[in-house]
Amino acid sequence: MFMVYLDHAATSNPKPQCVIEAMSHYASEGSANPGRGSHPLANRAARLLFETRERLKTFLGAEAAGEVVFTANVTEALNLALFGLLKPGDEVLVSSLEHNAMMRPLRLLEQQGVRITKIASDPKSGVIDLKLLAQSLSTNTKLVAINHASNAFGTLQPLDAIGELCRQHECLLLADCAQTAGHLPIDMASAKIDLLAFTGHKGLLGPMGTGGLIINTRAQKNGIKPLILGGTGSLSESENQPEFLPDALESGTPNLPGIAGLNAGVKWLQQQGINRLHQQELALCQRLMVGLSQLPNVRLIGPAMNAPRTAVVSFVIKGMDNGEVDDLLGNQHQIYCRTGLHCAPAAHRALGTFPEGSIRFSLGATTTAEDVDCAIAAVKAICTATVAADE
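Residues numbered from 1 in each chain as written. Predicted model: local features only at pLDDT ≥ 70, side-chain atom pairs only at ≥ 80, totals over all residues. Heavy atoms only, no water.

(A) Fine view of helix α8 (residues 256-272). Helix length check: α8, at 17 residues, gives a terminal C-alpha distance of 24 Å against a target of 24 Å (1.5 Å per residue), a fit within 8%. Counting buried positions along α8 yields 12 of 17 residues, so the element is predominantly enclosed. All buried positions along α8 are accounted for by Leu256, Gly258, Ile259, Ala260, Gly261, Leu262, Asn263, Ala264, Gly265, Val266, Trp268 and Leu269. The inward-facing, buried residues of α8 abut α1 (17-28), α2 (40-60), β2 (68-71), β7 (195-199) and α9 (274-293). With a side-chain oxygen positioned 3.0 Å from the backbone nitrogen of Gly258, the residue opening α8 is Asn255. (Helix = DSSP H or I, 4+ residues; strand = E, 2+ residues; numbered from the N terminus. Expected span 1.5 Å × (residues − 1). Buried < 20%, exposed > 50% of the residue type's maximum accessible area, 1.4 Å probe, protein only. Contact = heavy atoms within 4.5 Å. Polar contact = N/O pair within 3.5 Å; in protein donor to acceptor, adjacent residues only side chain to side chain.)

Structure follows, in C-alpha cells:
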C-alpha cells in the first residue's frame, strides 16, 4: 500500500532490517535472563546489555556505561529522575514548551511541596529566555528540567548555554532528549547534562518499550531513589536494594529483545553517520517548509527555516479544522501525520495554538524527497479545494 509516513516524532517507521532481525533472534532462540544464570544463553544476554550500555555511552557522550539505566520509555526515565531526586522545598525550573511526560510528574510533586517555575520563551520560536533563566536560578534551585526539542514545533533549546548556567549555580540539568537522541549529535559531557532521558523507539530506531536515563557522577552524588525495587541478579544474598548503578535503579527482568533492537538501531545510526543523517533531515525539512509556505491559507508555527531546530514542521490551514485536515491527509492522500496538542498543552499555550493545536509533519532517517513532495502536493490539493469551496 502506498503510504507517506511523516509521524517520526511519535515513533520511527519503518525500522531498519537489522533491528527486526536482532529482536527476532533474541525472541526466538536467544531468550535468557541476564544475571540470573551462568549458562551460555544467560551470559550472552548479559553481554548484550553491557554492549548496549557501552554503545549508548559512546553515542550520547556519557562518562561510563554503568551510568546507563534502562527503562521502558522516556516517560519512565523522567519519572525516575524527578521522583528520585526532588524533595519538598526543592525548586525546579522548566521551559514553557514541556511535554506532559515532564509536566504531569512535576504537577504531582508540586502538590507535595516542590516549587515549579516556568521560564518564558520567545512567542514565535519557543526558545527559552536565557536571561530570565539566569535571573530565576536561586540557592533553592535543585534542577533545571528542559525538553531539548519540542515534539510539537521542532524548537531546539540551547542546552550548552543552559548547562553552563546550571554549573555556575551548582544545580543539576535534566535533559529530555526524546526528540533529539538519534536525530542530531549529542555529547552529554560537553553540554554539561547531568541526567539525560531518552526513548528507544523514535530517533534511535529501536522498538517501543525501550528507553533509559543516563546519570553522571555529579548527579549521583545527590542520591536517586528507585521507582521500583526488587531482583537485580546481583547481591542475591541481601534483601536490601543494591546501591550501585545501574542495579540500584534497574529491578526486574529487562526487555531483552527490545534492548537487542535498540542496540541494533544505534549501531545502524553509527554506521550511517549521525551528522550526515541530521543534515539530510534538515535539508528535507527546509524543502517541506518552503513548499508549505507558498500555499494559500497555510501558516507555519515555530522556529524559522534557518534557526536551530529538528525536522518537525507544525502548521495550520486557515478556516479548516485540524481533525478534518488529518482525515483528508490520511484517508484521501495516504499522508500519515499527527494533529492536535501532541501531549504538550504547555507548548501550544506558549505559541498561541491552544486549544486547537496544529498539524504536524515530522521527518526521520528514512524520509525521502519524494515523501516531502507528496506531502506538499496533498496540502496544496486540500488548500485549493478549500479556496474553491469558499468561492
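(B) Expanded view of the pattern of salt bridges. Applying the stated rule across the entire model yields 11 salt bridges. Of the charged contacts in the structure, one is a salt bridge between Asp90 and Lys142, with a shortest N-O distance of 3.6 Å. You can see Asp90 sitting in the loop between α3 (74-85) and β3 (91-95) and its partner Lys142 sitting in strand β5 (residues 141-147), a full 52 residues away along the chain. On the basis of relative accessibility, which here comes to 13%, the residue Asp90 falls in the buried class. We classify Lys142 as buried; its relative accessible area is 14%. The partner of Asp194 in a salt bridge is Arg218, with the nearest N and O atoms 2.8 Å apart. Taken together, the residues span a long stretch of sequence, with Asp194 in the loop between β6 (172-176) and β7 and Arg218 in helix α7 (residues 217-220) at a distance of 24 residues. Under the relative-accessibility criterion, Asp194 is labelled buried at 0%. Connected through salt bridges with shared partners, the residues Arg167, Asp194 and Arg218 form a single ionic network. (Salt bridge = Lys/Arg side-chain N within 4 Å of Asp/Glu carboxyl O.)

(C) Expanded view of the UniProt feature "domain: Aminotransferase class V" (unreviewed entry) in the protein chain. When the UniProt feature table is mapped to this numbering, "domain: Aminotransferase class V" (unreviewed entry) covers residues 4-373. As a span, residues 4-373 carries 37% helix and 16% strand, and end to end its C-alpha atoms are 10 Å apart. (UniProt positions renumbered as here; feature names shortened; annotations may be inferred.)

(D) Focus on the layout of surface pockets. In this model, the largest pocket occupies a volume close to 600 Å³. Surrounding the largest pocket, 34 residues form its lining, Leu49, Arg53, Glu250, Gly252 and Pro254 being those nearest its centre. Taken together, the elements giving at least two residues each to the lining of the largest pocket come down to α2, β2, α3 and α8. In terms of residue count, α2 provides more of the lining of the largest pocket than any other element does, 4 residues in total. Residue classes in the lining of the largest pocket are distributed as 16 nonpolar, 13 polar and 5 charged. Volume-wise, the second largest pocket comes out at about 270 Å³. If you go around the second largest pocket, you meet 19 residues; those closest to its centre are Val74, His99, Ala178, Gln179 and Lys202. (1 Å grid on protein atoms, 1.4 Å probe; cavity = no way out; pocket = protein on both sides within 12 Å on 5 of 7 lines; lining within 4 Å. Points joined across faces, edges and corners; volume = space filled by probe spheres on them. Nonpolar A, V, L, I, M, F, W, Y, C, P; charged D, E, K, R; others polar.)

(E) Spatial organisation of the side chain of Thr199. Within the fold, Thr199 resides in strand β7. Under the relative-accessibility criterion, Thr199 is labelled buried at 2%. A polar contact of 3.5 Å, which involves the side chain of Thr199, links it to the backbone oxygen of Thr210. In this structure, Thr199 is in contact with Asn73, Val74, Ala178, Leu204, Thr210 and Gly211, ignoring residues within four places of it in sequence.

(F) Region of interest: empty space enclosed by the protein. Taken as a whole and assessed by the stated rule, the structure comprises 1 cavity of 30 Å³ or more. Taken as a whole, the largest cavity encloses approximately 50 Å³ of empty space. Residues of the lining of the largest cavity, tallied by class, amount to 4 nonpolar, 5 polar and 1 charged.

(G) Molecular detail of the sheet that holds strand β10 (residues 312-317). Across the sheet, 4 strands lie side by side as β9-β10-β13-β12; this open sheet has antiparallel pairing. In this open sheet, the two strands that pair with only one neighbour each are β9 (298-301) and β12 (338-340). On average, adjacent strands in this sheet sit at an angle of 30 degrees to one another, irrespective of strand direction. Pairing analysis gives 4 bridges linking β10 to strand β13 (residues 358-362), with the strands arranged antiparallel. In the strand pairing of β13, Ser314 is matched with Arg360. α9 contacts β9, β10 and β13 of the sheet and is inclined by roughly 10 degrees relative to β10. The strands touched by helix α10 (residues 322-331) within the sheet are β10, β12 and β13, with β13 carrying the most contacts at an inclination of about 40 degrees. (Pairing = 2+ DSSP bridges. Axes fitted to C-alpha atoms, helices over the stretch in contact; angles between N-to-C directions.)

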